[in-house]
Amino acid sequence: MMLMRFGRIATPEGMCFCVIDDEGTTAKQIEGTPFTPPKYTGKEWPLSEVRLLAPMLPSKVVAIGRNYADHVAEVFKKSAETLPPTLFLKPPTAVVGPGAPIKIPEFATRVEFEGELALVIAKPCKNVKAEDWRSVVLGYTVVNDVSSRDLQFSDGQWARAKGIDTFCPLGPWIETHLDNVDELPIKARLTHEGVTEVKQDSNSNQMIMNLGEIIEFITASITLLPGDIICTGSPAGTAEMVPGDFIEIEIPGVGKLGNPVERA
């Protein structure tokens, strides 16, 4: 696959997939989806004149929890040896794009962000070996695995806590190639009452399971389909966010994903 930056946009003519230039200023419409070599329609827009949407509408979001030892200690108050990485799902209805509000319902009383690297699956796959993981990945994007901690611990399983509508911001686009995927800085900035603080400041080299191991682990039990999203785990530094806040996740080489927080 050629090096590309794929996006999904809303234009005056409707929604479409596009290729975004290296400067992030122009969106060129393509026919169909990014899963085949792109064919340009000839239509293009300044990125400032269209709206970026979630770059993919997945059939499912498959997530790895407890994949950073410092986050295990922070949230679960136990060691990663005691609580190894685990697998859970977020529904596609949780997905929203850049700039879309994260809407917190009243019954979720402690909601936290989790900035993570996400993988976008390129083709149907099952029983993928760790060393072959790149062959099934279209590219990389940023995800915010929003989590209601009160529900996560009171329910005992995570479907409701992490699956609420708008609890999976995704974007800003899909980068098809990264040279340093095992050494990616991951930062999250929370703006509260006008003050912005860096909360998460970590690196993908701190993952317990690496990307190949994650895909082998998932596909041993679940068939992945084109466009499915894999969330690779959250580093430490997650914190509560409340209506009126703004959260921005940044992964250099991939992009920035920013979303306001509102009351549902």
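Residues numbered from 1 in each chain as written. Predicted model: local features only at pLDDT ≥ 70, side-chain atom pairs only at ≥ 80, totals over all residues. Heavy atoms only, no water.

## Quick look at the overall build of the protein
Move 1: Secondary structure assignment for the protein yields four helices and 19 strands.
Move 2: For 264 residues, the compact-globule estimate of 2.2 N^0.38 gives 18 Å, and the C-alpha radius of gyration of the protein, at 18 Å, lies within 12% of that figure.
Move 3: If one aligns the C-alpha atoms of the protein with their principal axes, the spans along those axes are about 55 × 45 × 30 Å.
Move 4: Each of the 264 residues in the protein was classed as buried or not, and the buried ones make up 56%.
Move 5: Sequence separation of 24 or more characterises 70% of the internal contacts of the protein that already satisfy a separation of 6 or more.
Move 6: Surface accessibility of the protein: about 11,400 Å² in total, with carbon and sulfur atoms responsible for 52%.
Move 7: Here the protein contributes 25 positively and 35 negatively charged side chains, and the mean placements of these two sets differ by 4 Å. (Helix = DSSP H or I, 4+ residues; strand = E, 2+ residues; numbered from the N terminus. Rg over C-alpha atoms; globule rule 2.2 N^0.38 Å. Buried < 20%, exposed > 50% of the residue type's maximum accessible area, 1.4 Å probe, protein only. Contact = heavy atoms within 4.5 Å. Areas by Shrake-Rupley, 256 points an atom, 1.4 Å probe, with all protein chains shown as cover. Lys, Arg positive; Asp, Glu negative; His and termini not counted. Charge placed at Lys NZ, Arg CZ, Asp CG, Glu CD.)

## Structural notes on the pattern of salt bridges
Move 1: Evaluation of the coordinates by the stated rule reveals 14 salt bridges.
Move 2: Across the salt bridge formed by K162 and D145, the nearest N and O atoms sit 2.8 Å from each other. A residue pair is termed long-range when its members are at least 10 positions apart, and K162 in helix α3 (residues 159–163) and D145 in the loop between β12 (137–144) and β13 (147–148) qualify at 17 residues. Comparing K162 with D145 shows no difference in burial state: the two are buried. (Salt bridge = Lys/Arg side-chain N within 4 Å of Asp/Glu carboxyl O.)

## Description of helix α1 (residues 69–76)
Move 1: Those residues of α1 that fall on the buried side of the exposure criterion are H71, V72, V75 and F76. Buried residues of α1 fall within an arc of 105° about the axis and therefore sit on the same side.
Move 2: Considering only its buried residues, α1 is in contact with α2 (149–155). (Arc of directions from axis to C-beta.)

## Comments concerning the domain arrangement of the protein
Move 1: For the protein, the domain assignment lists domain 1 (5–53) and domain 2 (61–263).
Move 2: With nine residues of domain 1 at the interface, the matching set in domain 2 holds 12 residues.
Move 3: At the boundary of domain 1 with domain 2, total buried surface from both sides reaches about 870 Å², with 69% on carbon and sulfur atoms.
Move 4: The largest contributions to the domain 1 side of the interface with domain 2 come from R5, F6 and F35, which together make up 62% of the buried area.
Move 5: One can count one salt bridge joining domain 1 with domain 2.
Move 6: Between E175 and R5 there is a salt bridge, and its shortest N-O distance comes to 2.5 Å.
Move 7: Ranked by residue count, the leading element in the side of domain 1 that touches domain 2 is strand β1 (residues 5–11), at three residues.
Move 8: Residues belonging to the side of domain 1 that touches domain 2 are distributed by class as follows: seven nonpolar, one polar and one charged. (Domains from an automatic or database assignment. Buried area = accessible area lost by both parts, 1.4 Å probe. Nonpolar A, V, L, I, M, F, W, Y, C, P; charged D, E, K, R; others polar.)

## Things to note about the side chain of T26
Move 1: Examined against the element boundaries, T26 turns out to sit in strand β3 (residues 26–30).
Move 2: The contact partners of T26, leaving out residues within four places of it in the chain, are V19, I20, D21, E44, W45, P46 and L47.

## Quick word on unusual backbone geometry
Move 1: The omega angle of the peptide bond from G171 to P172 is 5°, so this bond is cis rather than trans.
Move 2: The residue R66 is not glycine, and still its phi comes out positive at about 60°.
Move 3: Turning to its location among the elements, R66 is positioned in the loop between β6 (61–65) and α1.
Move 4: Exposure remark for R66: the relative accessible area of 16% places this residue in the buried category.
Move 5: With a phi angle near 80°, T166 is a residue other than glycine that sits in the positive phi range.
Move 6: Turning to its location among the elements, T166 is positioned in the loop between α3 and β14 (168–175).
Move 7: Residue classification places T166 among the buried positions, given a relative accessible area of 11%.

## Some points on the UniProt feature "domain: Rv2993c-like N-terminal" (unreviewed entry) in the protein
Move 1: UniProt's feature table lists "domain: Rv2993c-like N-terminal" (unreviewed entry) at residues 4–55, given in the numbering used throughout.
Move 2: Secondary structure across residues 4–55 comprises 0% helix and 54% strand; the distance between its end C-alpha atoms is 13 Å. (UniProt positions renumbered as here; feature names shortened; annotations may be inferred.)

## Description of the nonpolar core
Move 1: Among the nonpolar cores identified, the biggest contains 46 residues, and L117 and M241 are the most heavily contacted of them.
Move 2: Counting residues per element, this core draws most heavily on helix α4 (residues 211–219), which supplies four residues. (Core = buried A, V, L, I, M, F, W, Y, C linked by side-chain atoms within 4.5 Å.)

## Thoughts on α4
Move 1: Residues L211, G212, I214, I215, I218 and T219 constitute the buried set of α4. Down the axis of α4, the buried side of the element spans an arc of 160°, and every buried residue falls inside it.
Move 2: Summarising the contacts, the buried residues of α4 are in contact with β6, β7 (86–90), β11 (115–121), β12 and β17 (229–231).

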